[in-house]
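What follows is the residue order along each chain.
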Amino acid sequence: QQMHPDAVICAVGSSPAKPPIPGIDKAHHALYCYDKPEAVGKKVIMIGGGLIGCETGYWLADTGHQVHVLEMREDLAMDALPSHRAALLPRMAKTMTWNCSVTVTEVTENGVKFPSQDGQEHFLEADTVLYAVGQRANRADAQALHTAAPFVREVGDCIRPANITKAVYEGYHAALDI
């Protein structure tokens, strides 16, 4: 308001979703490993096999960690662009393991529990449990800017979490509209 802008392109993004799993406070969001790589143990379980979970898990595996991904959906990185996914999955297969179509039921001090498709409970041991189960749009932050200028346009994840390609496209077109 002090700047009196003619236009505001609001790109305030999204925040990580935290899954409602008992014991989830013993885990960290996947991006934690970039802030505190020294705090991540050798054996890592990643809850969530979307693009963020897969890319972060792949980076960890590439830096010497043993990474196992647990994904609810029937396959990994289903939110990735097709060409990106086609390049990522074969690389992951060389350095990581995973289970798809599973739901984590508990995070413990030293791993996670989940039932297999036949109903038998499994426990996987880990030094570190990470999660990447989606994002939530920062709607309140975006809406707070609606009166900041005569022209206000929201772009990217503050509307609906997606990917960088979509956010850049929307930002470019918003700038053209000014």
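Check the entry above for the structure.
Conventions used here
Residues numbered from 1 in each chain as written. Predicted model: local features only at pLDDT ≥ 70, side-chain atom pairs only at ≥ 80, totals over all residues. Heavy atoms only, no water. Helix = DSSP H or I, 4+ residues; strand = E, 2+ residues; numbered from the N terminus. Buried < 20%, exposed > 50% of the residue type's maximum accessible area, 1.4 Å probe, protein only. Polar contact = N/O pair within 3.5 Å; in protein donor to acceptor, adjacent residues only side chain to side chain. Contact = heavy atoms within 4.5 Å. Expected span 1.5 Å × (residues − 1). Salt bridge = Lys/Arg side-chain N within 4 Å of Asp/Glu carboxyl O. Core = buried A, V, L, I, M, F, W, Y, C linked by side-chain atoms within 4.5 Å.

Asks: Is there a simple way to explain the side chain of Glu154 in this structure?
Replies: Looking at the secondary structure, you find Glu154 in strand S12 (residues 151–154). A relative accessible area of 15% places Glu154 in the buried class. For Glu154, the side chain forms a polar contact with the side chain of Arg139, separated by 2.5 Å. Within polar-contact distance, the side chain of Glu154 engages the side chain of His146 at 2.5 Å. Discounting chain neighbours no more than four positions away, the residues touching Glu154 are Cys10, Arg139, Ala142, Gln143, His146 and Ile159.

Asks: Could you clarify how one ought to interpret the side chain of His68 in this entry?
Replies: Inspection of the secondary structure puts His68 in strand S5 (residues 66–71). Judged by its relative accessible area of 15%, His68 is buried. Polar side-chain contacts of His68 include one of 2.5 Å to the side chain of Thr97. Those residues in contact with His68, other than ones at most four positions away along the chain, are Val44, Ile45, Met46, Thr97, Trp98, Asn99 and Leu124.

Asks: What am I meant to see in helix H3 (residues 82–95) here?
Replies: Helical geometry note: an α-helix holds 3.6 residues per turn, so side chains three or four residues apart project in the same direction. With 14 residues, H3 ought to run about 20 Å at 1.5 Å a step, and its terminal C-alpha atoms sit 21 Å apart, in line with that. When we look at burial in H3, the residues that qualify are Leu88, Leu89 and Met92.

Asks: Sorry, what's going on with the pattern of salt bridges here?
Replies: Side-chain pairs of opposite charge can arise whenever the charged atoms involved come near each other. What the rule picks out here adds up to seven salt bridges. With a shortest N-O distance of 3.4 Å, Lys113 and Glu106 are connected by a salt bridge. Residue Lys113 is classed as partly exposed on the basis of its relative accessible area, which comes to 25%. Looking at Glu106, the relative accessible area reads 29%, which means it is partly exposed.

Asks: Whenever I open this one, the nonpolar core confuses me. Can you help?
Replies: One recurring pattern in soluble globular proteins is that nonpolar side chains are buried together. Among the nonpolar cores identified, the biggest contains 20 residues, and Leu60, Val67 and Met92 are the most heavily contacted of them. Going through the elements one at a time, strand S4 (43–47), helix H2 (51–62), S5 and H3 are the ones with two or more residues in this core. The leading source of residues in this core is H2, at four residues. Grouped together as the second largest cluster of nonpolar side chains are 14 residues, Ile24, Val104, Val107 and Tyr131 included.

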